[in-house]
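These are the residues of each chain, in order.
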Amino acid sequence: MKPSPAASAPAGHGPASAPVDLLRRLRARGAGDPVTHVERVPARAGVPAPWPPWAPTELRAAFARRGVVAPWRHQAEAATLAYEGGHVVVATGTASGKSLAYQLPALATLLADPRATVLYLAPTKALAADQLRAVAELELDGVRPACYDGDTPRAEREWIRRHSRFVLTNPDMLHHGILPGHAQWSGFLRRLAYVVIDECHTYRGVFGSHVAHVLRRLRRQCARFGATPVFVLASATSGDPATAAGRLTGLPVTAVTEDASPRGGVTFALWEPPLLPPDSGSSSPVPPQATGDHDDLHQVRRSALRETADLLADTVSEGVRTLAFVRSRKGAEVVAANARRALDDAVPGLGDRVAAYRGGYLREERRELERALLHGDLLGLASTNALELGVDLVGLDAVLICGYPGTRASLWQQAGRAGRSGQEALAVLVARDDPLDTYLVHHPEAIFGAPVEATVLDPANPYVLTPQLACAAAEAPLTPADLALFGDGAKEAVDELVAAGALRQRPTGWYWRHRERPDVDLRGEGGAPVCVVESSTGRLLGTVDGGSSHFLLHPGAVYLHQGVSYVVDELDLADGCALVHAEEPDWSTHARDVTDLSVVSVRSYVDAGPVGMFLGEVDVTSQVVSYQRRRIATGEVIDTRPLDLPTRELRTVAVWFTLSPQSLTAAGVQTSDVPGALHAAEHAAIGLLPLMATCDRWDIGGLSTALHPDTEAPTVFVYDGHPGGAGFAERAYGTASAWLRATRDAIAECGCETGCPSCVQSPKCGNGNNPLSKPDAIRVLDVVLANLPT
Ligand SMILES: [Zn+2]
Ligand SMILES: [Zn+2]
């Protein structure tokens, strides 16, 4: 690729055909065509609705002053449902104006009833501060909105409790501050009319399950004071938002999903970097470990980073204002550096118009960056998604997304950065070598069709439910009626607390026995997190959850933190900390574990002839026993070093399938190939699960075996990596045929011959990706799909 010097002057940004023409030039530069699909997402005119008749004139006038002439249809629809007392979730696109949908009924009620109150919950303090500003700007008499979080000065807290009628906070503060102090909040809670839960899709997995119980505790306290607030939730678009919102709140929730807000047109291309000849992989100048990409021996596809860098150079050389999103900070720097070099080769000095953006810039620096982009001094920027938080960029013509960002919500958020007021824009998703990316670029319907990826959580997880019931009991004795509120498993959890001496049963209920409140961390992951500390400075670099610590922080491990390389000197499990020093050795480390899994109980199963599909509890025992050091440049194994770490036990939820040996033989899988077939199917299935549920492949573990003692058959297990389960395996079970169909297609459609990171290799394999049989994995999945009812 050489950018054409003739095109280096900024081109115009006019006609609707510009992105299509630009894409044509980009895809014409290589030998093959890397574009697997082009979707034209047409511009959409907004559909306004009249103000609902119940919306008071004063409120309409306040919104009009802020430029809102009329609501969009989805805003009016959700607002009216909530005003009439229904619990509602509005799940529409980025910037579709979800806040008006809850501000309208909440504020109308505050104006109509001078005593009513509203509680607003956001996942971050920054978002709560944003919303506070928006509500305050309406200048409505008597609402007195206020943020109440860990930063709120003590002196102001009492005033807020007594006088604010619109309190903005977060689930942690509700859990640690408001609910334990409910006596001081009784006036506020007694009059609570609405609970608003913003960005509710962020409450997923174990954290989401905790928040679900915090909300039940809130409902219980309100009920004690005679209040039954209406819940209004806002979510990114996702599969089945009503079910997720219902699980989160424990209430029946109606979903409003039809987005009636206007948007600009986008030409969206899916781009798959070409396969390279087998031997050229090691010549890549970008060591995968250093960039957060996979760490396998053979890189057979051109790396998404190099491809993105070339695209960035191409668009910048045409004067197109372009933002590239890259997952890791180091990756963003590599993309910017490569693009700069390519541009300077073509026209010396042109490279100066590309920069890398990292999070943590000062406010003035961010403004300077915005200014440079706006004026065209800067044309290309490579950034991690940190950019979403701090920089307000307008007037971008193209967005390059290097690797699927994990959820559709993030994908659209990033693509949504392109397009200046009403102008057409280009978005390109560059696939990384990962089974999910491979699947998506060959299945555009999974991106552009109705979403299937759902926000999952599991409030019945006993590791969440039991401590949450302890918190509830410490707030007020539990009664038999409360058990229904907390759902399945509540009685067992209470019995366990009684047996442990934490609760005492009396005729009127269960009483918390201790003086201190239970110490429960909403973001805890079972095992305590391990702190990563730089020995020389004592600086805390970050934390790693207990479950991953043996893998990532064993002595000698090379640990990457925000793109910087460290080596672990010592892992002190008793103190929960790892001591590291900065060092960039030319090898990477790969921990090996031995895992054992036994079935505890079966919750549900499907008997499908030679195939069985199961959901149940399992005990996973694993021990990290050694690690390999591999040369970064070549992948060559330097040595294998033993480790002396204790075994770890995990009781969790798993989905598993079994096949009869006869069905495998009939499908053409040789007995000796069964382990490789199952292992390859397991890896790809784990890689594809994020398509069905918002999880990361690191949330999931797997085990496959040609003969398992508990199932007495060839079996593939996929389990939640969190004690008690987080809902991922359950979702996999519920969508088994769609999930395994996608897995099969991802493997079959990968152009490699014997398996690669884009299909059956896994970056976290405890067995060094051995054995793996790609063709036999397809046969295994075909047998499962042929028998499993859809
Ligand atoms: Zn492959
Ligand atoms: Zn493996």
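Keep in mind it's a predicted model, so treat the numbers as computed, not measured.

Peer 1: Got a minute to help me understand the overall build of the protein chain in this structure?
Peer 2: When its secondary structure is counted, the protein chain shows 26 helices and 27 strands. A compact globule built from 790 residues should have a C-alpha radius of gyration of about 28 Å, and the protein chain, at 27 Å, falls within 12% of that. Taking all 790 residues of the protein chain together, the buried fraction comes to 56%. Within the protein chain, contacts between residues separated by at least 24 positions form 73% of all contacts whose residues are at least 6 apart in sequence. With 73 positive and 90 negative side-chain charges, the protein chain shows a separation of 6 Å between the mean positions of the two kinds.

Peer 1: Explain empty space enclosed by the protein to me, please; I cannot follow it from the model alone.
Peer 2: If you roll a probe as big as a water molecule over the atoms, it shows you where there is empty space left. Applying the stated rule across the entire model yields four cavities of 30 Å³ or more. When its volume is computed, the largest cavity comes out at roughly 70 Å³. Taken together, the residues that form the lining of the largest cavity break down as seven nonpolar, four polar and no charged.

Peer 1: Looking at this model, I keep getting lost on the pairing of strand S3 (residues 117-121). Mind explaining?
Peer 2: Moving residue by residue along a regular strand, the side chains alternate between the two faces of the sheet. When you tally the buried positions in S3, you get five out of five residues, the bulk of the element. Here S3 shows no split at all, with Thr117, Leu119 and Leu121 on one side and Val118 and Tyr120 on the other all buried. In the sheet, S3 pairs with strand S6 (residues 192-197) via five bridges, with the strands oriented parallel. What sits directly across from Leu119, in S6, is Val195. Here S3 pairs with strand S5 (residues 166-169) via four bridges, running parallel. Bridge pairing links Val118 to Phe166 in S5.

Peer 1: So what exactly am I meant to see when it comes to the coordination of the zinc ion (ligand 2) here?
Peer 2: Perfect tetrahedral coordination of a metal by four donors corresponds to 109.5 degrees between them, and perfect octahedral coordination by six donors corresponds to 90 or 180 degrees. Within the first shell, the zinc ion (ligand 2) binds the protein through His679 (NE2), His683 (NE2) and Cys765 (SG), at distances of 2.0 to 2.3 Å. Donor residues for the zinc ion (ligand 2) sit on one chain with the sequence pattern H-x3-H-x81-C. With His679 and His683 both in helix H23 (residues 674-688) and four residues apart, the pair spans about one turn of that helix.

Peer 1: Explanation requested: helix H20 (residues 490-499) in the structure shown.
Peer 2: Since there are 3.6 residues in each turn of an α-helix, residues three or four apart along the chain are aligned in direction. Buried residues of H20: Ala490, Ala493, Val494 and Leu497, and no others. Projection of H20 onto a plane perpendicular to its axis shows the buried side chains occupying an angular sector of 100 degrees, all on one side. Opposite the buried face of H20, by more than 90 degrees, sit the exposed residues Glu492 and Ala499. Residues of H20 that are buried make contact with helix H18 (462-475), helix H19 (480-486), strand S15 (503-506) and strand S16 (509-512). One or two positions beyond H20, positive phi appears at Gly501, with a value near 80 degrees.

Peer 1: Sorry if this is basic, but what is going on with the packing of helix H16 (residues 435-442) against helix H25 (residues 736-749) here?
Peer 2: Relative placement of two packed helices is described by the angle separating their axes and the distance separating the axes. Contact geometry of H16 with H25 gives a least axis separation of 9 Å together with a crossing angle of 85 degrees. Looking at the two axes, H16 sits roughly perpendicular to H25. Along the contact surface, H16 presents Pro435, Thr438, Tyr439 and His442, while H25 presents Ala742, Asp745, Ala746 and Glu749. In terms of residue class, the contact of H16 with H25 is built from four nonpolar, two polar and two charged.

Peer 1: I tried to follow the sheet that holds S3 on my own but got confused; where do I start?
Peer 2: Strand pairing in a sheet takes place through backbone hydrogen bonds and is either antiparallel or parallel in direction. The strand order across the open sheet built from seven strands is S4-S5-S3-S6-S7-S2-S8, with neighbouring strands paired in parallel fashion. Bordering the open sheet on either side are strand S4 (145-147) and strand S8 (254-256), each of which pairs with just one other strand. On average, each strand axis in the sheet is tilted by 20 degrees relative to the strand beside it, whichever way the strands run. Across the face of the sheet, helix H5 (residues 125-136) comes into contact with S3, S4 and S5 while running at roughly 165 degrees to S4.

What counts as what
Residues numbered from 1 in each chain as written. Chains lettered and ligands numbered in written order. Predicted model: local features only at pLDDT ≥ 70, side-chain atom pairs only at ≥ 80, totals over all residues. Heavy atoms only, no water. Helix = DSSP H or I, 4+ residues; strand = E, 2+ residues; numbered from the N terminus. Rg over C-alpha atoms; globule rule 2.2 N^0.38 Å. Buried < 20%, exposed > 50% of the residue type's maximum accessible area, 1.4 Å probe, protein only. Contact = heavy atoms within 4.5 Å. Lys, Arg positive; Asp, Glu negative; His and termini not counted. Charge placed at Lys NZ, Arg CZ, Asp CG, Glu CD. 1 Å grid on protein atoms, 1.4 Å probe; cavity = no way out; pocket = protein on both sides within 12 Å on 5 of 7 lines; lining within 4 Å. Points joined across faces, edges and corners; volume = space filled by probe spheres on them. Nonpolar A, V, L, I, M, F, W, Y, C, P; charged D, E, K, R; others polar. Pairing = 2+ DSSP bridges. Donors = N, O, S within 2.8 Å, 3.2 Å for Na, K, Ca; no water. Arc of directions from axis to C-beta. Axes fitted to C-alpha atoms, helices over the stretch in contact; angles between N-to-C directions. Parallel < 35°, antiparallel > 145°, perpendicular 65-115°, else oblique.

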